[in-house]
Amino acid sequence: MGAQPTVAVIGAGAAGLATLKALADVGVPAVCFETADRVGGLWVYEAPGSPAYRTLHLNTSKARTQFADHPMPAHWPDYPDHARVAGWLIDYADRFGLHEAVRLRHTVDRVVREPDGRWTVHADGPDGPLDVTVDAVVVANGHNRVPKPPTPGPPGTSTAKQLHSHAYRGPEQLAGLRVLVVGGGNSAMDIAVDASYAARRTLLSLRRGVWVVPKHLLGRPSDTLNGALARRLPWRLRQRITQRMLAATVGPPARYGLPAPTHGFLQDHPTLSDGLLSRLTHGEIEPRPGLAGFDGEHVTFTDGSTDEIDLVIWCTGYRVEIPFLDPALLGDGADTLALYRHVFHLDAPGLAFVGLMQSTGAAFPLVEAQAKLVAAQLSGRYALPEPHRQRAACRAELRAATARWGQRRPAMRVDFDAYLAELGRELAAGTRRARATGATA
């Protein structure tokens, strides 16, 4: 293990690995706890509890997803599959010597703040319980592990089999069935497309409209176009340009039988799919409005129509839970927690989070930047602003996020390009603060 660890990192997915690498770069020894038997997090299809499915691919292009410190191979396709991404994360750990710091098959069940301000991490591993006391804890375990069922569920009783998308593994589960997919996110669209080839019949229920974006526009990965605009234009102007581009290239949602989006583009997570619109126009996926209720094998929709189904797949997202932390540290819940720059706990020095956010684009470059900020702070190269300034910044960010995204987890929402730029400015400002106080290591 080398030097005695002073930081505990929880999770060895993309966020945890990026954190270990950033800490190693500044000479801060760390130990990482990972429940699975290998690194890679949710991208490891074979890992117990993984939300990955056999046909899963990136829904952001490799150029906008890769780490700055570890680019994806140039010969890869624009949207690699889960196996490539999982292998790439293992290569990242190999390249930067991160495996030694990771304790696999160790599940953290409790993190306790000690009276002296240090932290004790309690974990259970192959050799029994383990306690490690450290100066700081970085929570990097992700938030796509605990399925969130529909709340409240539709009235009535269904005889159809029901499962959450978390339990979906591949098209073989759909063969010959009348399948109803509920939801408008990327998983819902992927599963509906899978079902359109394997199932006897495929219905897609949307209670509200979403922006469906082809993975390529004008001959390029579609997210690279918005990225180019982001360097020059505010998001409102980008929104108008993108909406006009979509209207000209794919047409209005009504053309495909889909409801119009209730929020403007860049005010919700976009859904990227090449296959969905094609399968809709071929009649292989039948759009439906929101669910109104169940009656045996029949389902009723809000427009009064009914259908017979054998299987319901709920693509309703995940709860954000951090069960090993004292609830008092999470306030009203992890998805409402105010964190300075979405990283640092306001009231618990030494507690940081990497990856506790929802981005308009990819996550990997953002967790890499967050990790570098955490490493700079823990090594003394970066100084946080005064507490009252941190709180003021959080309040301002929440106001802006609520104005843009409404009540859909505004505390977690970030604009990919704006946030990445903000983290760069924050690191520079904190470095100046550290130098001014003579705290730089």
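Residues numbered from 1 in each chain as written. Predicted model: local features only at pLDDT ≥ 70, side-chain atom pairs only at ≥ 80, totals over all residues. Heavy atoms only, no water.

**Looking at the overall build of the protein chain**
The condition is simple: In this description a helix means any DSSP run of H or I spanning at least four residues, a strand means any run of E spanning at least two, and both kinds are numbered starting from the N terminus. The quantity called the radius of gyration is restricted to C-alpha atoms. Its globule counterpart is 2.2 Å times the number of residues to the power 0.38. Only protein chains enter the accessibility calculation, which uses a 1.4 Å probe; a residue whose area is less than 20% of its type maximum is buried, one above 50% is exposed, and one in between is partly exposed. Contacts: residue pairs with any heavy atoms within 4.5 Å of one another. Here the accessible surface of atoms and residues is derived via Shrake-Rupley with a 1.4 Å probe, and residues count as covered only by protein chains that are part of the display. Counted charges follow a simple rule, with Lys and Arg positive, Asp and Glu negative, and His plus the chain ends left uncounted. The atoms used to mark charge sites are NZ of Lys, CZ of Arg, CG of Asp and CD of Glu.
Check the secondary structure of the protein chain and you find 11 helices and 27 strands. Radius of gyration (C-alpha) of the protein chain: 22 Å, near the 22 Å computed for a compact globule of 441 residues. Dimensions along the principal axes, computed over C-alpha positions, put the protein chain at roughly 70 × 50 × 45 Å. Put simply, the protein chain has 441 residues, and 53% of those count as buried. Considering only contacts in the protein chain between residues 6 or more positions apart, those separated by 24 or more positions represent 67%. When the accessible area of the protein chain is evaluated, it comes to approximately 19200 Å², of which 53% is carbon and sulfur surface. Taken as two groups, the 48 positive and 43 negative side-chain charges of the protein chain have centres that lie 8 Å from each other.

**Quick look at the side chain of Arg341**
Put simply, the rule reads: Any pair of N or O atoms that falls within 3.5 Å is considered a polar contact. Within protein, one atom must be able to donate a hydrogen and the other to accept it, and sequence-neighbouring residues count only if both atoms are side-chain atoms.
In this fold, Arg341 is placed in the loop between β23 (339-340) and β24 (344-345). Within the local environment of Arg341, its side chain forms a polar contact with the side chain of Glu397, the two groups lying 2.9 Å apart. Here Glu426 takes part through its side chain, which lies 3.0 Å from a polar atom of the side chain of Arg341. When neighbours within four sequence positions are excluded, Arg341 is seen to be in contact with Gln370, Ala393, Glu397, Tyr419, Glu422, Leu423 and Glu426.

**Notes on the sheet that holds strand β21 (residues 311-314)**
Stated precisely, the cut-off is as follows: At least two DSSP bridges between two strands are required for those strands to pair. An axis is simply a line fitted to the C-alpha atoms; with a helix, the fit covers only the stretch in contact. Between two such axes, the angle follows the N-to-C directions and lies from 0 to 180 degrees.
Spatially, β10-β21-β11-β12-β17 is the arrangement adopted by the five strands of the open sheet, whose pairing is parallel. Looking at which strands have only one partner, the edges of the open sheet turn out to be β10 (161-164) and β17 (286-288). Across the sheet, the axes of successive neighbouring strands diverge by a mean angle of 20°, strand direction being ignored. Summarising the sheet, strand β11 (residues 178-182) and β21 pair through four bridges and their orientation is parallel. Pairing of Leu180 across the sheet is with Val312, part of β21. Helix α4 (residues 186-198) rests against β11, β12 (201-205) and β21 of the sheet, and its axis sits at about 160° to β12.

**Observations regarding the pattern of salt bridges**
So the rule is basically this: Think of a salt bridge as a Lys or Arg side-chain nitrogen and an Asp or Glu carboxyl oxygen that are within 4 Å of each other.
Tallying each qualifying case throughout the model produces 24 salt bridges. In this structure, the salt-bridge partner of Lys372 is Asp69, at a minimum N-O distance of 3.6 Å. Of this pair, Lys372 sits in helix α9 (residues 364-378) while Asp69 sits in the loop between α2 (62-65) and α3 (82-95), placing them 303 residues apart in sequence. Each of Arg341, Glu397, Glu422, Glu426 and Arg433 takes part in salt bridges that share partners, so that together they form one network.

**A few points about the nonpolar core**
Quick note on the threshold: Take the buried residues of types Ala, Val, Leu, Ile, Met, Phe, Trp, Tyr and Cys, join any two whose side-chain atoms come within 4.5 Å, and each joined set is a nonpolar core.
Within the largest apolar cluster, 96 residues are counted, with the highest numbers of intra-cluster contacts made by Val9, Phe67 and Leu89. No other element matches α9, which puts eight residues into this core. In this structure, Phe67 is in contact with Ala14, Ala18, Trp88, Leu89, Tyr92, Phe364, Val367 and Glu368, ignoring residues within four places of it in sequence. Membership of the second largest hydrophobic core comes to 27 residues, among which are Ile10, Val108, Val137 and Phe324.

**Concerning the pairing of strand β6 (residues 128-134)**
When strand β5 (residues 119-125) meets β6, the two strands line up antiparallel, connected through seven bridges. In the strand pairing of β6, Val121 is matched with Val132. The turn joining β5 and β6, which pair antiparallel and follow one another in sequence, is formed by two residues.

**Focus: the environment of Leu366**
Counting through the fold element by element, Leu366 comes out in helix α9. Residue classification places Leu366 among the buried positions, given a relative accessible area of 0%. C-alpha of Leu366 to C-alpha of Ala18: the two residues are 348 residues apart in sequence and 10.0 Å apart in space. Those residues in contact with Leu366 that lie beyond four places of it in its chain are Met357, Ser359, Val414, Phe416, Tyr419, Leu420 and Leu423.

**Quick word on α9**
Applicable threshold: Each residue after the first adds 1.5 Å to the expected span of a helix.
An ideal rise of 1.5 Å per residue puts 21 Å on 15 residues; α9 measures up with 21 Å between its terminal C-alpha atoms. Among the 15 residues in α9, 11 count as buried, and that is most of the element. All buried positions along α9 are accounted for by Phe364, Pro365, Leu366, Val367, Glu368, Gln370, Ala371, Leu373, Val374, Ala375 and Ala376.

**Re the sheet that holds strand β4 (residues 107-113)**
Taken in spatial order, the three strands of this open sheet run β4-β5-β6, and their pairing is antiparallel. Looking at the sheet topology across the chains shown, the edges are occupied by β4 and β6. Strand-to-strand, the axes of this sheet are offset by a mean angle of 20°, without reference to chain direction. With six bridges connecting them, β4 and β5 associate as antiparallel partners. Bridge pairing in β5 links Val108 to Ala123.

**Quick look at the packing of aromatic side chains**
How two aromatic rings sit relative to each other is set out by the distance from centre to centre and by the angle between their planes. To be explicit about the condition: Working definition: rings of Phe, Tyr and Trp (its six-membered ring) pair if their centres are within 6.5 Å, and the pair is stacked with planes under 30 degrees apart, edge-to-face with planes over 60 apart, and tilted otherwise. For a ring to carry a charge above it, either NZ of a lysine or CZ of an arginine must fall within 6 Å of the ring centroid while also lying within 35 degrees of the normal to the ring plane.
With the rule as written, the count across this model stands at 10 aromatic pairs. Ring centres of Trp88 and Phe364 lie 5.7 Å apart, and the angle between their planes is 10°; this geometry places the pair in the stacked category. Separated by 276 residues along the polypeptide, Trp88 in helix α3 and Phe364 in helix α9 bring together distant segments of the chain. On the basis of relative accessible area, Trp88 is assigned to the buried category, the value being 2%. Looking at Phe364, the relative accessible area reads 7%, which means it is buried. Taken together, the ring pairs in this structure connect Trp43, Phe67, Trp88, Tyr92, Phe96 and Phe364 into an aromatic cluster. For Arg279, the ring lying beneath its charged end belongs to Tyr197, and the centroid distance is 3.7 Å. Against the face of Trp235 rests Arg404, its NZ or CZ located 4.1 Å from the ring centre.

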